[in-house]
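Structural characterization, general
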Amino acid sequence: MTGILGGWELYKGIAQAVYVCNKTEASVVSVNICNRGNLAAAISMAISSSETVINNSSWIEYDSPLLAKGTLVRTGIVISPGQYLIVKSSQSLTNAVAYGVTAGEDVVISAITQQVGTAPVWVTPAGASTALTG
């Protein structure tokens, strides 16, 4: 499993690649963008086959408003092998952090202790009928 995939301080008005899927399988990414400044920002995100060239059909978020001291979260973004996740902010003092998993990775599970209990025993007086209520 993968945790943090990438994180960048965003420069005002410059599209920056915050993650590249360099695996042979797709990655599912979530992006958290934090505006630490005192001015609202416009946030754009794109998926591109280049870290610098973005065409009009690559944008998945365009000039979305992000209030001062606010956060913007997008989850479940699928990045194919060889593609970049690019983020741009209209203001400085913003940063983007990408988290996610890559398909096909081995999942490591720590040792789990299985707790085995005994079946409950119902005790009623001989000949008595009992109604169970929830």
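Here, every reference points to the structure presented above.
Report follows, based on the coordinates. All of these numbers come straight from a predicted model, not from anything done at the bench.

What counts, and where the lines are drawn
Residues numbered from 1 in each chain as written. Predicted model: local features only at pLDDT ≥ 70, side-chain atom pairs only at ≥ 80, totals over all residues. Heavy atoms only, no water. Buried < 20%, exposed > 50% of the residue type's maximum accessible area, 1.4 Å probe, protein only. Helix = DSSP H or I, 4+ residues; strand = E, 2+ residues; numbered from the N terminus. Pairing = 2+ DSSP bridges. Axes fitted to C-alpha atoms, helices over the stretch in contact; angles between N-to-C directions. Contact = heavy atoms within 4.5 Å.

Regular strands have side chains that alternate between both faces of the sheet. Strand S7 (residues 84-89) sits mainly inside the fold: 5 of its 6 residues count as buried. Note that strand S2 (residues 16-20) and S7 share 4 bridges and pair antiparallel. Directly across from Val20, in S7, lies its bridge partner Tyr84. Relative to S7, strand S4 (residues 41-48) runs antiparallel, the two sharing 6 bridges. Following the sheet pairing, Ser48 is matched in S7 by Tyr84.

Moving on, we come to the sheet that holds strand S1 (residues 4-10). Across the sheet, which stays open at both edges, the 4 strands sit in the order S1-S8-S3-S6 with antiparallel pairing between neighbours. Across the chains shown, the open sheet's two edge strands, defined by having one partner strand only, are S1 and strand S6 (71-79). Adjacent strand axes in the sheet meet at a mean angle of 15 degrees, parallel and antiparallel pairs treated alike. Note that S1 and strand S8 (residues 94-102) share 6 bridges and pair antiparallel. From the neighbouring strand, Ile4 faces S8, where its bridge partner is Tyr99.

The subject of this paragraph is the environment of Gly70. You can see Gly70 is positioned in the loop between strand S5 (59-66) and S6. Sequence separation of Gly70 and Gly37 is 33 residues, and the distance between their C-alpha atoms is 8.9 Å. Filtering out sequence-adjacent residues up to four positions away, Gly70 remains in contact with Ile33, Cys34 and Asn35.

Here we take up unusual backbone geometry. Most peptide bonds take the trans form, and the phi angle of most residues other than glycine is negative. We note that Asp63 has phi near 50 degrees; this positive angle belongs to a residue other than glycine. Secondary-structure assignment places Asp63 in strand S5. Asp63 gets classed as partly exposed once you look at its relative accessible area, which sits at 43%. The phi angle at Lys69 is positive, at roughly 65 degrees, despite the residue not being glycine. If you trace the backbone, Lys69 turns up in the loop between S5 and S6. In this structure Lys69 comes out as exposed when scored by relative accessible area, which is 57%.

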